[in-house]
Amino acid sequence: MANTIQNWEQMTYPFFNITLNYNLNAFEPHIDARTMHVHYNTILTDYIKKLNQHLESHSELQSMTLIELISYAETSHDTELLRQAGEVYSHFFFFTELRPSTGQIIIGITPQATHKITSAFGGWKNFKDEFTNATLSVFGSGCVWLIKDNKGELRITTKPIIPQNCTPILCLDTWEHAYFLKHLNNRQAYVDAFWNVVDWVKFSEKI
Ligand SMILES: [Fe+2]
């Protein structure tokens, strides 16, 4: 399978890192190039390596996509596989939901997306406040997701692994490796910076 940014959700063993359609310094000053380099080239690569090592001796799992592996791991209570596949999934999602900033934060948001955010949260400010509060509430490491559940309802959830039977819309990695080099322990500053680098076109398509 070609290693492209478009088809990582169909990727199966052996997993390999996605090719990004931006440079690692593309998000300065919001997310610094050094953090992007460490996060993408070192940490994500290590997650992928560990997942492949786990799958190496499990031929029955090698045709599964990440979502299928997560579902299998939950059903079989394989916490190690769940963590490994979940980390790769959330990181692939995170790195492909970003887009270099144009300096105009609202570019790409459709009226339909605004309508859905307003219906669910009362407006963009309320949504961002709620998402930020969820991010600040995560003790230690994990992810904050905006998801659309199987009834089409939007929800913010703090789960290290994407919940089943839902469509992920947005994911913020709250591991310190995602922001410590630039923001130290100021997670609030990291969330504030994040809004400037979201691909709002992609966001609007998914929501
Ligand atoms: Fe991360």
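This one's a predicted model, so the numbers in the text were calculated from it and none came from an experiment.

## Some details on the coordination of the iron ion
Distances from the iron ion to its protein donors, His39 (NE2), His91 (NE2), Asp173 (OD) and His177 (NE2), fall within 1.8 to 2.1 Å. Each of the four donor atoms around the iron ion contributes to a set of angles spanning 90 to 129°, which defines the coordination as tetrahedral. For the iron ion, the single-chain donor residues occur in sequence as H-x51-H-x81-D-x3-H. A residue pair is termed long-range when its members are at least 10 positions apart, and His91 in helix 3 (residues 79-96) and His177 in the loop between strand 3 (166-173) and helix 6 (180-183) qualify at 86 residues.

## Regarding the packing of aromatic side chains
Enumeration over the complete set of coordinates arrives at 21 aromatic pairs. When the ring of Phe127 is compared with that of Phe131, the centres are 5.8 Å apart and the planes differ by 50°; the resulting orientation is tilted. Of this pair, Phe127 and Phe131 both sit in helix 5 (residues 124-137), four residues apart, which is roughly one turn of the helix. Grouping residues by exposure puts Phe127 and Phe131 together as buried.

## Quick notes on the packing of helix 1 (residues 33-56) against helix 3
At their nearest, the axes of helix 1 and helix 3 sit 9 Å apart, and the two run at 145° to each other. Read as a crossing pair, helix 1 and helix 3 show a hand that is left-handed. Of helix 3, the residues touching helix 1 (which contributes Met36, His39, Tyr40, Leu44, Tyr47, Ile48, Lys50, Leu51, His54 and Leu55) are Glu80, Leu81, Gln84, Ala85, Glu87, Val88, His91, Phe92, Phe94 and Phe95. Of the residues contributing to the contact of helix 1 with helix 3, the split by class is 13 nonpolar, four polar and three charged.

## Structural notes on the pairing of strand 1 (residues 143-149)
Among the seven residues that make up strand 1, six are buried, leaving the element largely enclosed by the rest of the structure. In this sheet, strand 2 (residues 154-158) lies alongside strand 1 in antiparallel orientation, the contact comprising five bridges. By the bridge assignment, Leu146 is partnered in strand 2 with Ile156. Here strand 1 hands over to strand 2 after four residues, with Gly152 in that stretch at a positive phi of 85°.

## What about the domain arrangement of the protein?
Partitioning the protein into structural domains gives domain 1 (12-22 + 31-96) and domain 2 (111-206). Between the C-alpha centres of domain 1 and domain 2 the distance comes to 20 Å. Summed over both sides, the interface of domain 1 with domain 2 buries roughly 1800 Å², with 68% coming from carbon and sulfur. If you sort the residues of domain 1 by the area they bury against domain 2, Ile31, Phe93 and Phe94 come out on top, with a joint share of 30%. Our enumeration of links across domain 1 and domain 2 arrives at zero salt bridges. Our count for the domain 1 to domain 2 interface comes out at four residue pairs in polar contact (both at pLDDT 80 or more). In the side of domain 1 that touches domain 2, the residues fall into 10 nonpolar, seven polar and five charged.

## Examining the confidence of the model for the protein
Per-residue confidence for the protein averages 91 on the pLDDT scale, and 95% of its residues sit at or above 70. Here helix 6 stands out as the element of the protein with the lowest mean pLDDT, 89, in contrast to helix 1, whose mean of 97 is the highest. Predicted confidence is poor over residues 1-5, with pLDDT under 50, and the contacts of this stretch with residues over four places away or in other chains come to 14 contacts.

Parameters at a glance
- Numbering of residues begins from 1 in every chain and follows the order in which that chain's sequence is written.
- Thresholds applied to this predicted model are a pLDDT of at least 70 for local features of residues and 80 or more for the giving and counting of side-chain atom pairs; totals over whole chains, interfaces and linings are not thresholded and use all residues.
- Only hydrogens and water are removed before side-chain values are computed, so all heavy atoms of the structure are retained for them.
- Only nitrogen, oxygen and sulfur atoms qualify as donors, and only when within 2.8 Å of the metal (3.2 Å in the case of Na, K and Ca); with water excluded, sites may look incomplete.
- Square planar and octahedral assignments, for four and six donors respectively, both demand that opposite donors be over 155 degrees apart and that all other angles lie between 65 and 115; tetrahedral needs four donors with all angles between 85 and 135 degrees, and anything else is irregular.
- Put simply, DSSP H or I for four residues or longer makes a helix, DSSP E for two residues or longer makes a strand, and each gets a number counted from the N terminus.
- We call Phe, Tyr and Trp rings a pair once their centres come within 6.5 Å, taking the six-membered ring for Trp, and we label the pair stacked below 30 degrees between planes, edge-to-face above 60, and tilted otherwise.
- Each residue gets one of three labels from its accessible area relative to the maximum for its type: buried under 20%, exposed over 50%, partly exposed in between, using a 1.4 Å probe on protein chains only.
- Orientation is described by axes fitted as lines to C-alpha atoms, over the contacting stretch for helices, and by angles from 0 to 180 degrees between their N-to-C directions.
- Handedness of each helix crossing follows the sense of rotation of the near helix against the far helix: counterclockwise by less than a right angle gives left-handed, clockwise gives right-handed.
- Residue contacts are counted whenever heavy atoms from the two residues lie within 4.5 Å of one another.
- Residue polarity is assigned by list, with Asp, Glu, Lys and Arg as charged and Ala, Val, Leu, Ile, Met, Phe, Trp, Tyr, Cys and Pro as nonpolar; anything else, Gly included, falls into the polar class.
- A pair of strands counts as paired when DSSP detects no fewer than two bridges linking them.
- The start and end points of each domain follow an automatic or database-based domain assignment.
- Using a 1.4 Å probe, buried area is obtained as the accessible area two parts lose upon being combined, added over both of them.
- In the sections that follow, a salt bridge refers to a side-chain nitrogen of Lys or Arg positioned within 4 Å of a carboxyl oxygen of Asp or Glu.
- Polar contact is the term for a pair of N or O atoms within 3.5 Å; when the atoms are in protein, one must be able to donate a hydrogen and the other to accept it, and sequence-neighboring residues count only if both atoms are side-chain atoms.
- You can read pLDDT as the predictor saying how much it trusts each residue, on a scale of 0 to 100.

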